[in-house]
Amino acid sequence: MDTGEMPSGDAKHAVARSTGRPATIDPDVVAGVALRLFAENGYERTSMEDIAREAGIGRKSLYRYFPSKADLVWGGMEPVVEASGQVLESARTADPSDGDTFDGGILAGLRAAAIAGVSAIPDLSVTRGRLRLIAEHPELASRSYDALAPQRERARLYLVAQGISESAAGYLCAAYLGATFEAWMQWAAGTDADPVPYLIEALGVLRVPAVRPGG
């Protein structure tokens, strides 16, 4: 199973030191170490102490970045949320007359945001490993609503700015996040390198209420 394993010896790169400066930690590398240990030993049988030791960092430093094992799995969302949010913000403030049809333009904005999130991920193999763990452990999957809250809010603001009512925007946001999350999970379960076709197919099922701004 491809879980984004790191070659042995890469753990030492979790901590980088510059002369005369405090140690800095690369969270992505630490997460990669954790995913490798989860794959080798099992999620439940791997402790935070095991991860800190293998990554060559102190336990307190690990907890500063990742308060729990679940955070190691769900970590790495910030660049995705930021990249998607920037696309939605640009689309939200754009002149509607510059866009496509109302329905097509709104869906194009959501599609562009989802694809921008893919581009922000430094290592898709690590993401695949995270998603496979989430699929295997219900307690991890149950965190999806809270973990995706920033994306949900930015998408809601975008939709309301396009003239969608608050209630309809909430429903459409739920459909958007549900469809894209399912696309990611289907991609992770397979071996295809690129998740974008899965996202495009998932977003193709969405429909937008035909109400124009000010209508």
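What comes next concerns the included structure. Note that this is a predicted model, so its numbers are computed, not measured.

Quick look at the packing of aromatic side chains
No. 1: Overall, the coordinates contain three aromatic pairs when judged by the stated rule.
No. 2: Relative to Tyr-43, the ring of Phe-38 has its centre 5.0 Å away and its plane inclined at 65 degrees; by these criteria the two rings are edge-to-face. By the burial criterion, Phe-38 is buried, and Tyr-43 matches it.
No. 3: Ring geometry for Trp-74 versus Phe-181: centroids 6.3 Å apart, planes at 15 degrees, classification stacked. With a gap of 107 residues between them, Trp-74 in helix H4 (residues 69-74) and Phe-181 in helix H11 (residues 166-189) connect regions that are remote in the sequence.

Overview of the packing of helix H7 (residues 124-136) against H11
No. 1: Running from N to C, H7 and H11 point in directions that differ by 105 degrees, and their axes come no closer than 9 Å. When the axes of H7 and H11 are compared, the pair comes out roughly perpendicular. Between H7 and H11, the contacting residues are Leu-124, Thr-127, Arg-128, Leu-131, Arg-132, Ile-134 and Ala-135 on the first element and Phe-181, Trp-184, Met-185, Trp-187, Ala-188 and Ala-189 on the second.
No. 2: Among the residues making up the contact of H7 with H11, the classes are represented as 10 nonpolar, one polar and two charged.

Analysis parameters
- Residues numbered from 1 in each chain as written.
- Predicted model: local features only at pLDDT ≥ 70, side-chain atom pairs only at ≥ 80, totals over all residues.
- Heavy atoms only, no water.
- Phe/Tyr/Trp six-rings, centres within 6.5 Å; stacked < 30°, edge-to-face > 60°.
- Buried < 20%, exposed > 50% of the residue type's maximum accessible area, 1.4 Å probe, protein only.
- Helix = DSSP H or I, 4+ residues; strand = E, 2+ residues; numbered from the N terminus.
- Axes fitted to C-alpha atoms, helices over the stretch in contact; angles between N-to-C directions.
- Parallel < 35°, antiparallel > 145°, perpendicular 65-115°, else oblique.
- Contact = heavy atoms within 4.5 Å.
- Nonpolar A, V, L, I, M, F, W, Y, C, P; charged D, E, K, R; others polar.

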